[in-house]
Structures are given as C-alpha cells and as structure tokens.
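# Survey of secondary and tertiary structure
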Amino acid sequence: MICQTTRWILLLGVLLLNRPAFAQTDAEYRRKLDQAAFLMTKATVEFLATDAQTFPNVKSKQCACDSYEGLKEFIAQNDLVGADKLTDDAKKRAAQNIAQINQPRTALEGVKDFLVQKVATGDRITRQTLPGYPAFQTTLDGIITSALGAGPAVVAPPQQVAATEENAPVNPAESAEKTPVTTPSPTQSNWNAMDSFALILSILSLVAVAFLAYLVLKNQKPQQSARDVQFDSQLAKLSDRISKLEVRKNQTNENFQLNAQLEALERAVRLLEQNRAEKPAAPAVKVPLEVVAPVQEAPVEPETARPSNRFRTPTLPSKPTALYARTADLGDGFSAGGLLATAERDTVFDISLQGDTQATYQVSENADAQRLALSDPYSYLNDACEYLTQPNPNSRIRTEQVGRLTLQGDKWKITEKAKIRFI
C-alpha cells in the first residue's frame, strides 16, 4: 500500500513540474527566434536603403523601430518600392521555418538565405558590389549567433561603416575608449537562472520517473531470464544518459535540443514498463510426426527425370531503384519514411538510388507536378534546388544538373543541390 501511494505521488509531481518547465523554456526560445527573424528583415531593408541607384528618394538609412509595423512605416517614408512585400514574405517564411524545423540554426539560416536571395541574387546580383554588402552579411551572421547564445533578448550588432564613406584616420586610443564592454544585465541573469531552474526540474522529474519504474520492477517477482537481463541493460543505458544530461544542465543554449531528448527518454521508460507487464509468448506446440502407411509393391516403371530439390526456393523481392518525394520536408533533406515507391500527381522530385547510401534526384517531368511546384516555388523548390534563372509561372522546369543525396539514419541529406532552369 505504501509503495502504491509513493508511485502516485511521484507521478503527480512529474505532471506538475515537468510540463510548465518545458513550456516556459520553449516559449521563450521561440520568442528569441521570432525576434532574430525580425532583426534580419530590418537589416535587409536598411541594406536596400543604401542602394541609391534603385531607390533615389531615400531620406534615412537607419530604422529606429522594433516591430514589423514600424518597419513598414520606414519603407513608406523612404519610398522603398517592393520592400513591404519582401517584409511580409520574410515574416511568413520565418514563421514557417520556426514551426516546422526543429533545428534553430537551420531555421534562421533558411530565413537568411531567403533574404539574400531576394535582394542580392539573379538580376540583383550587382548589389553584392555595394560597399555595405559585407557589413550586411556580417550583421545577419551576428544576429543568428546572438539568438542561439544565452539570454532572452536578441540585439542586432551594429553594421560597419563602408570605407568609401569615411576616409578620416582613426586614433587607436579613441577607438579603444569607445569600444563598449558587454556586461550581463540583471534581466538577462534572471532569465538564465530561470532556464537553469527549469532544466533542473526537468531532470529531477525524469529521475523520479526512472525511480518509479524501478519500484514497479522491484515489487514484481520476475524470474531471472534473458528478457529480464535485456530490460535491465536498457534501464542502465537510460540512467547513463540521464547522468550525461545533468553534466550539461548549465549549458542553457542547448535547452531546445535537451527537451526533445528528455521527452524521448520518458517515452522509452513508459515503453519499458508496458513491455515488462506483457505476458511471455506461449510455447510452441509440438507437432507429431506423420505416420506413413506401407505401400504395396507396384510394377516397376521407367524412371523419369525429377528435380533434385523438392522445394521451390522463394524469390526475394527486388530492391526499389527509384523513389518519389513531394518536397524536401526536412529543409536540408528528405525524410526516408516520407518517400513513395510509385509516382503520384503531387510528387515533385524523382529520386534514383545509386546504392544503399547514395542517390540522385531531379524535378519530375510530369506536367501536374511541375504546375504544383510553379504555384509556390519557394515552398517546393527553394530548399532542394539552385536556380539558374528566375521562376516564371508559365514556364517549364528543366533539370540541368541532378542533385546528390546521402543516407544518414532516417534522412536522405542533400549534399549537392540540383540545378534547374525555367524555360
């Protein structure tokens, strides 16, 4: 009775402590990613303001705003034609990446690539020769690094002034005096403490689940068998991973990945408990040998040719040589479980297997699949293809060079993007 009461108390403590800690950590981390996406969009608009040839009516090159609405007011005041649509598209792409991609750096890098492709590739590639383009690239990388670091707030690093705009010599002593010293603010320290506290609570709740599983196994009366030894080995591995997570509990920038690992460990413990409770399989029934009645002698017939093997060898199914995918659902690759063995109307990519771990892919020649891809090329083609020309809704897609894939676990990772042309 006492053991049963202890189990219920521990289970209630896990439900009360574990979920708020995960929710608080994930919500704060997503706010940081949303803020970083806004700062990258703002830096892109400010870079466009430096293009005097395209936008001759610019009045100010810096936007003192902290929201998308303020950024649109800055665009209207400086007559940056088309930048408002770029802002909406970037906001949509950022929300989509953060919601669908479980790797924060991959999500932010996708937003960065989308912005650079919009403003400085194709027929706008001449903007890469502007004096402020290197500072623009540095600013985007700095925002991503800041968002993935410790602390709840993301601040855009200041853009460097182009050498052609300021030719006056700089005194090293004055430059050293003006360099700010970064000190952690009280708010940042409080958020770090909260993140650490949430992580500690999560680890403690996981230990409680492991202890609960131990009590359940201890109160039973199992016989020492091969199945019991296997369960004990798996529990030992889980305990070892828990100890490793305790060592990393102070690394707050890994909270986003640790949460997923902790949830997976909890599911593994619950699965072990369910499997342990299952009854062992029934022993196989022994089938008596068939008794053959004696056969009377018959006249001898001429012997005919018979096959030496009375049993026909089963034919093994051949491995598929081609697979089909609708889109690069993992951002940098295709999920192995999402691939199809036969082509359908909405399968945009044809994948040809070159071996167990190597494959190539190209855009399907099917007219329905091409129309679907051209309806939203940035969702279907941008992650897996490199454009040689700009997309056109009335064009046809031709693969100039196939892409290459490598199997890594359950993912076909893109090692080389396919090069396509819109004709």
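## With respect to the overall build of the protein chain
Each helix and strand in the protein chain was counted, giving 11 helices and 9 strands. Expressed as a percentage of the 423 residues in the protein chain, the buried residues total 33%.

## Some words on the pattern of salt bridges
Proximity of charged atoms lets side chains of opposite charge pair with each other. If you walk through the whole model with that rule in mind, you get 16 salt bridges. Linking Asp-332 and Lys-413 is a salt bridge whose minimum nitrogen-to-oxygen distance equals 3.1 Å. Placement of Asp-332 in the loop between β1 (322-325) and β2 (333-335) and of Lys-413 in strand β8 (residues 411-416) is noted, with a sequence separation of 81 residues between them. Residue Asp-332 is classed as partly exposed on the basis of its relative accessible area of 23%. It is possible to trace a salt-bridge network through shared partners that takes in Arg-326, Glu-344 and Asp-346.

## Brief notes about the sheet that holds strand β3 (residues 349-353)
On the basis of which strands lie adjacent, the open sheet formed by 6 strands has the order β1-β3-β4-β7-β8-β2 and antiparallel pairing. Each end of this open sheet is capped by a strand with a single partner; those strands are β1 and β2. Ignoring strand direction, the axes of neighbouring strands in this sheet form an average angle of 30°. Two elements, strand β4 (residues 358-363) and strand β7 (residues 403-408), share 4 bridges in a ladder whose sense is antiparallel. Among the inter-strand pairings, Thr-360 is bridged to a residue of β7, identified as Arg-404.

## Quick word on unusual backbone geometry
Phi angles above zero are rare outside glycine, and Asp-79 is one such case at about 55°. Looking at the secondary structure, you find Asp-79 in the loop between α2 (68-77) and α3 (83-100).

## Brief notes about the state of the cysteines
By definition, a disulfide links the sulfur atoms of two cysteines through a covalent bond. Per the stated rule, a full pass over the model turns up 1 disulfide. Between the sulfur atoms of Cys-63 and its disulfide mate Cys-65 the distance is 2.2 Å. Measuring handedness by torsion sign, the sulfur bridge of Cys-63 and Cys-65 sits at about 125° and is right-handed.

## A look at the nonpolar core
If you look at the biggest cluster of nonpolar residues, it comprises 39 residues, and the most contacted ones within it are Met-40, Leu-71, Leu-80, Leu-108, Leu-115, Val-119 and Phe-136. Broken down by secondary-structure element, the contributors of at least two residues to this core are α1 (2-48), α2, α3, α4 (104-120) and α5 (133-148). In terms of residue count, the dominant contributor to this core is α1 (11 residues). Ignoring any residue separated from it by four or fewer positions in sequence, one finds Val-119 in contact with Thr-44, Phe-47, Leu-48, Leu-86, Arg-124, Arg-127 and Phe-136. Counting 24 residues, the second largest nonpolar core, distinct from the first, contains Leu-323, Phe-349, Trp-412 and Phe-422.

## Looking at α5
Counted at 1.5 Å a residue, the expected span for α5 with its 16 residues is 22 Å, and the 23 Å between its end C-alpha atoms agrees. Taken together, the buried positions of α5 are occupied by Tyr-133, Ala-135, Phe-136, Thr-139, Leu-140, Ile-143, Ile-144, Ala-147 and Leu-148.

## Topic: the packing of α2 against α3
Their axes nearest at 9 Å, the elements α2 and α3 cross at an angle of 160°. Here α2 lies roughly antiparallel to α3, going by the angle between them. α2 and α3 meet at a crossing whose hand is right-handed. Residues Tyr-68, Leu-71, Lys-72 and Ile-75 of α2 pack against Ala-83, Asp-84, Thr-87, Asp-88 and Lys-91 of α3. Residue composition of the contact of α2 with α3, grouped by class: 4 nonpolar, 1 polar and 4 charged.

## Structural notes on the sheet that holds strand β9 (residues 418-422)
Read from one edge of the open sheet, 3 strands run β5-β9-β6, paired in mixed fashion. For this open sheet the edge positions go to β5 (385-387) and β6 (397-401), each flanked by a neighbour on one side alone. Neighbour to neighbour, the strand axes of the sheet diverge by 40° on average, direction disregarded. Pairing between β6 and β9: 4 bridges, direction antiparallel. Looking across to β9, one finds that Ile-397 is bridged to Phe-422.

## Notes on the packing of aromatic side chains
Following the criterion strictly, the structure yields 10 aromatic pairs and no others. Each ring, one from Phe-334 and one from Tyr-361, has its centre 5.6 Å from the other, and the planes form 70°; the classification is edge-to-face. One end of the pair, Phe-334, is in strand β2; the other, Tyr-361, is in strand β4, with 27 residues separating them in the sequence. Take Phe-334 and Tyr-361: they sit in the same class, and that class is buried. Taken together, the aromatic side chains of Phe-47, Tyr-133 and Phe-136 make up a single cluster linked through ring pairs.

## Comments concerning the pairing of β8
If a strand is regular, its side chains alternate between the two faces of the sheet. Summarising the sheet, β2 and β8 pair through 3 bridges and their orientation is antiparallel. Within the sheet, the bridge partner assigned to Ser-335 lies in β8 and is Lys-411. Bridge count for β7 against β8 is 5 bridges, and the pairing is antiparallel. For Leu-407, the partnering residue across the bridge sits in β8 and is Trp-412. Where β7 folds back on β8, the antiparallel hairpin that results is connected by 2 residues, among which Gly-409 adopts a positive phi of roughly 70°.

## Points about the packing of α3 against α4
Running from N to C, α3 and α4 cross one another at 155°; their axes reach a closest spacing of 9 Å. By the angle between their directions, the pair α3 and α4 is classed as roughly antiparallel. The handedness of the crossing between α3 and α4 is right-handed. On the side of α3, the interface is formed by Leu-86, Asp-89, Ala-90, Arg-93, Ala-94, Asn-97 and Ile-98, while α4 contributes Ala-107, Gly-110, Val-111, Phe-114, Leu-115, Lys-118 and Val-119. Of the residues belonging to the contact of α3 with α4, the class tally is 9 nonpolar, 2 polar and 3 charged.

Procedures and definitions
- Residues numbered from 1 in each chain as written.
- Predicted model: local features only at pLDDT ≥ 70, side-chain atom pairs only at ≥ 80, totals over all residues.
- Heavy atoms only, no water.
- Helix = DSSP H or I, 4+ residues; strand = E, 2+ residues; numbered from the N terminus.
- Buried < 20%, exposed > 50% of the residue type's maximum accessible area, 1.4 Å probe, protein only.
- Salt bridge = Lys/Arg side-chain N within 4 Å of Asp/Glu carboxyl O.
- Pairing = 2+ DSSP bridges.
- Axes fitted to C-alpha atoms, helices over the stretch in contact; angles between N-to-C directions.
- Disulfide = S-S within 2.5 Å.
- Core = buried A, V, L, I, M, F, W, Y, C linked by side-chain atoms within 4.5 Å.
- Contact = heavy atoms within 4.5 Å.
- Expected span 1.5 Å × (residues − 1).
- Parallel < 35°, antiparallel > 145°, perpendicular 65-115°, else oblique.
- Left-handed = near helix turned anticlockwise from the far one by under 90°.
- Nonpolar A, V, L, I, M, F, W, Y, C, P; charged D, E, K, R; others polar.
- Phe/Tyr/Trp six-rings, centres within 6.5 Å; stacked < 30°, edge-to-face > 60°.

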